[in-house]
Amino acid sequence: MSHPAPSWASIRRSERLAGAPVVRRGADWWLVSPSGSLLASDPAFTDELDRFAADLAAADHTVAEIHAQAKPPHKAQP
């Protein structure tokens, strides 16, 4: 299923890849700016975006695990 082109106004900062003006909608990567959106169609570029997104997700997961291990256990109050 094809996703519509994102508009600048519809993009939340949290949707952007590392704050860059690029978002993924479905299987497509879009470059977005206030003047419009452009479908990223170069396979080499989109493959790099896929790898970068996967690396960021893995890093976020690792940081979350480290934070979870660093928290002291919650003690019940009598």
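Relevant structure appears above.
This is a predicted model, so every value here is computed, not measured. (Residues numbered from 1 in each chain as written. Predicted model: local features only at pLDDT ≥ 70, side-chain atom pairs only at ≥ 80, totals over all residues. Heavy atoms only, no water.)

### A look at the overall build of the chain
Along its length, the chain carries one helix and three strands. Listing every helix and strand of the chain by position from the N terminus yields β-β-β-α. Looking at the chain residue by residue over its 78 residues, the buried ones come to 17%. Of the contacts made within the chain by residues no fewer than 6 positions apart, 32% connect residues no fewer than 24 positions apart. By element, 61% of the accessible surface of the chain is carried by carbon and sulfur atoms, the whole surface being about 6000 Å². (Helix = DSSP H or I, 4+ residues; strand = E, 2+ residues; numbered from the N terminus. Buried < 20%, exposed > 50% of the residue type's maximum accessible area, 1.4 Å probe, protein only. Contact = heavy atoms within 4.5 Å. Areas by Shrake-Rupley, 256 points an atom, 1.4 Å probe, with all protein chains shown as cover.)

### Things to note about unusual backbone geometry
A negative phi angle is the norm for most residues apart from glycine, just as the trans form is the norm for most peptide bonds. In the Ramachandran plot, Ala18 falls in the positive-phi region, its phi being about 55° despite a non-glycine side chain. Along the polypeptide, Ala18 turns up in the segment before β1 (22-25).

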